[in-house]
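# A closer look at the structure
Chain by chain, the residues run as shown.
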Amino acid sequence: MSGVLIAPSILSADFTDLAGAVASVESAGADLVHVDVMDGHFVPNLTVGPPVVRALKRTTRLPLDVHLMIDNADETVGWYLDAGADIVVVHVEACRHVHRVIRAIKDAGRGAGVSLNPGTPLCAVEPVLAEVDQVLVMSVDPGFGGQSFIPSSVDRIRELARMIEAARSSARIAVDGGIDAATAPAVVEAGATVLVAGNAIFGAPDPPAALHALRAAALSRLC
Ligand code: DX5
Ligand code: ZN
């Protein structure tokens, strides 16, 4: 996979027809399916857990990018690996032993990601940059879809790109929160290569068309 990857977040999809929602973006060329797991503690919302990850795994060939917004990833990361997550992203603020969690993900042969909230200094992820496949920059405070993009995220992505290069890491930068055709060009220009988008795709009347528009906007700044 190269260029800019589009990861529709099913948080904004119709939960009574997740299979249909995923199929619609898969045929439109989505690269990943982003699954937001929330526990009502780390974030003020509750969503889905391992059974839904397992069910999604049966409905699509796209890699499942599972974003754990939970307090106890140290103890429960194995649930998501067993359920078939292809990439597991944990929050640096929520892990007591972040290297150990990342190691568990890598030992299972899956992609490992680390995420950080907009209020968390970038240096919090520096110790694991060489270990991870993805750093997920939150561009909203996590917990809900449809929030407004925090503009300072662009500078954070630019600085993170410098840190990743300095660490000689091949980690991709993903960005999550308020990403749409208007905000995508600046984050891509700053160095993001994975765009997570919920409301901009599944909140649109025609999700495949919205995905194409997002990709076109992202690519407009690549060359
Ligand atoms: C928010 C989640 C996001 C969410 C993004 O806490 O992590 O993945 O689905 O939604 P939008 O794209 O609507 O901001
Ligand atoms: Zn997410």
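First things first, this report covers the structure right here in the doc. Sequence order sets the numbering: in each chain, residues are counted from 1 along the sequence as written. Throughout, the order in which chains and ligands are written sets their labels, letters from A for the former and numbers from 1 for the latter. Confidence filtering applies because this is a predicted model: local features only for residues at pLDDT of at least 70, side-chain atom pairs given and counted only at 80 or more, and all residues used for totals across whole chains, interfaces and linings. Where side-chain values are given, they derive from all heavy atoms of the structure, hydrogens and water being excluded.

### Observations concerning the site of ligand 1
Any residue with a heavy atom lying within 4 Å of a molecule or strand is counted as near it. As a structural note, the neighbourhood of ligand 1 is formed by 20 residues, with Ser9, Asp36, Gly143, Gly146 and Asp176 the closest of them. In the analysis that follows, any N or O atom pair within 3.5 Å is treated as a polar contact, provided that within protein one partner can donate a hydrogen and the other can accept it, and provided that, for residues neighboring in sequence, both atoms belong to side chains. Note that an oxygen atom of ligand 1 is positioned 2.8 Å from one of the side-chain N or O atoms of Asp36. Surface accessibility follows the Shrake-Rupley procedure with a 1.4 Å probe radius. Residue values consider only the protein chains on display as shielding. For ligand 1, whose unbound accessible area comes to 380 Å², protein coverage reaches 99%. Elements represented by at least two residues in the shell around ligand 1 include exactly β2 (33-38), β3 (64-69) and β8 (194-197). Strands are runs of DSSP state E lasting at least two residues, helices are runs of H or I lasting at least four, and both sets are numbered from the N terminus onward. Among the elements that line the shell around ligand 1, the one with the most residues is β2, at three residues. Considered class by class, the residues forming the shell around ligand 1 number eight nonpolar, ten polar and two charged. Under this grouping Gly is polar, as are all residues other than the nonpolar Ala, Val, Leu, Ile, Met, Phe, Trp, Tyr, Cys and Pro and the charged Asp, Glu, Lys and Arg.

### A few points about the pairing of strand β4 (residues 87-91)
For β4, a buried count of five out of five residues is recorded, marking the element as mostly surrounded by other parts of the structure. Relative accessibility thresholds used throughout: buried, under 20% of the residue-type maximum; exposed, over 50%; partly exposed, between the two (1.4 Å probe, protein chains only). By the alternation rule, side chains of β4 split into Ile87, Val89 and His91 and Val88 and Val90, which are all buried. Looking at chain direction, β3 and β4 are connected through four bridges and run parallel. Residue pairing for β4: Leu68 is matched across the bridge by Val90. Paired strands, in this sense, are two strands between which DSSP finds at least two bridges.

### Things to note about the side chain of His34
Residue placement: His34 occurs in strand β2. When its relative accessible area of 0% is taken as the criterion, His34 is described as buried. Polar contacts involving the side chain of His34 include one to the side chain of His67, which spans 3.3 Å. Among residues more than four places away in sequence, those in contact with His34 are Ala7, Pro8, Ser9, Ile10, Asp65, His67, Leu136, Asp176 and Val196. It only takes one pair of heavy atoms within 4.5 Å for two residues to be counted as in contact.

### Re the environment of Leu64
Relative to the helices and strands, Leu64 resides in strand β3. Placed 31 residues apart in sequence, Leu64 and Val33 show a C-alpha to C-alpha distance of 5.0 Å. Other than its neighbours up to four places away in sequence, Leu64 contacts Val33, Val53, Leu56, Lys57, Gly84, Ala85, Asp86 and Ile87.

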